[in-house]
Amino acid sequence: MTKIKDYKLIGRTTASSKFSEGKFSKQDYYRINKAVRLTILQNQLDSLPIDLHKIILNNKWNIYSFSEARNMLNSIKVDLTKNNYGFTLRIGRRMFIFYDENVSIPLQRFTIAHEIGHIVLKHFYINDHNNDEKEANMFAARLLMPMCVLYECNINNASQIQEICEVSEMAAYYRYKRLKLVEERGKFYTDKLELEVYKLFKKYIDQYNHK
Ligand SMILES: [Zn+2]
């Protein structure tokens, strides 16, 4: 396993990471939605639950649970496993995601998706840490629970989202609220990339609806 000599902390997931939507400008929504959709398309993610390890593998990033990484992390003076569900380090040119394996699977998945968000959104130079955290949460929710797929699967309660997306009750609750809002506004497929995501998931959606 790599020895850590010099590293940069890219981002982390803490207990205070919220699942609710933050307030963002139109441009921010657009940029984050675009990043999520490109991640789905480039990694050919075509079914739920979203295969996070496929993204990590495709990008040649590294992932370790806290216990797997114990020796590696001992060479750092600060204990980053404390008060964090996960974090990402850039060591040389390589990305390492670390996560707490002692929390529920949905929370582990949200943590990993959040960390992927920090990498994809290039939070390499943390100017506004608080804002980066909100963006990574937004990225994670959208990646794990793609809105157009939920819509096409005729989802009509939060526990369905919880089940098919392997997310926590809380994350599903907020996403369901958001789904209802977007449905009310009729704002689907205003973006070409969203239509591409739908096409990629079409087989999954058809199977889901004919179960
Ligand atoms: Zn974070």
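Remember, it's a predicted structure, so these values are computed and weren't measured experimentally.

A. Focus on unusual backbone geometry. Residue Pro-49 is bonded to the preceding Leu-48 through a cis peptide linkage, with omega at -10°. Located in the positive-phi region is Glu-166, a residue other than glycine, with phi close to 55°. The residue Glu-166 is located in the loop between helix H7 (158-165) and helix H8 (169-185) in this model.

B. Spotlight on the packing of H7 against H8. Running from N to C, H7 and H8 cross one another at 120°; their axes reach a closest spacing of 8 Å. In this view, H7 runs oblique relative to H8, as classed from their interaxial angle. Of the two elements, H7 crosses H8, and the hand of that crossing is right-handed. Two secondary-structure elements touch here, H7 through Ala-158, Ile-161 and Gln-162 and H8 through Glu-169, Ala-172, Tyr-173, Arg-175 and Tyr-176. Among the residues forming the contact of H7 with H8, the class breakdown is 5 nonpolar, 1 polar and 2 charged.

C. Summary view of the environment of Cys-153. With respect to the helices and strands, the residue Cys-153 is situated in the loop between helix H6 (147-152) and H7. Taking the C-alpha atoms as reference points, Cys-153 and Lys-202, 49 residues apart in sequence, are found 9.9 Å from one another. Dropping the residues within four chain positions of it, Cys-153 is found in contact with Tyr-204, Ile-205, Tyr-208 and Asn-209.

D. Region of interest: the sheet that holds strand E1 (residues 7-14). Strand order in the open sheet formed by 4 strands is E1-E3-E4-E2, with mixed pairing between adjacent strands. The open sheet has two edge strands, E1 and strand E2 (62-65), and neither has a second partner. Taken over all neighbouring pairs, the strand axes of this sheet differ in orientation by 20° on average, direction set aside. Judged from the 4 bridges that link them, E2 and strand E4 (residues 94-99) form a sheet pairing that is parallel. Directly across from Ile-63, in E4, lies its bridge partner Ile-97. Contacts from helix H4 (residues 105-120) reach E1, E2, strand E3 (84-91) and E4 within the one sheet, and its direction differs from that of E1 by about 140°.

Procedures and definitions
- Note that residues are indexed from 1 along each chain, following the sequence as it is written.
- Where local features are concerned, this predicted model is filtered to residues with pLDDT of at least 70; where side-chain atom pairs are given and counted, the filter is 80 or more; whole-chain, interface and lining totals use all residues.
- For the side-chain quantities, the full set of heavy atoms in the structure was used; hydrogens and water were omitted.
- Counting from the N terminus, the helices are DSSP H or I runs at least four residues long and the strands are E runs at least two residues long.
- To get an axis, fit a line to the C-alpha atoms, keeping to the stretch in contact for a helix; angles then go from 0 to 180 degrees between the N-to-C directions.
- When an angle is under 35 degrees it counts as roughly parallel; over 145 it counts as roughly antiparallel; between 65 and 115 it counts as roughly perpendicular; any other value is oblique.
- Left-handed is the label given to a crossing in which the near helix is rotated counterclockwise from the far helix by less than a right angle, and right-handed is the label when the rotation is clockwise.
- Contacts are assigned to residue pairs with any non-hydrogen atoms lying within 4.5 Å of each other.
- In this classification, Asp, Glu, Lys and Arg are treated as charged, Ala, Val, Leu, Ile, Met, Phe, Trp, Tyr, Cys and Pro as nonpolar, and every other residue, Gly included, as polar.
- Strand pairing is assigned whenever DSSP identifies at least 2 bridges connecting the two strands.

Fair warning: the whole summary comes from geometry, so function is off the table for now.
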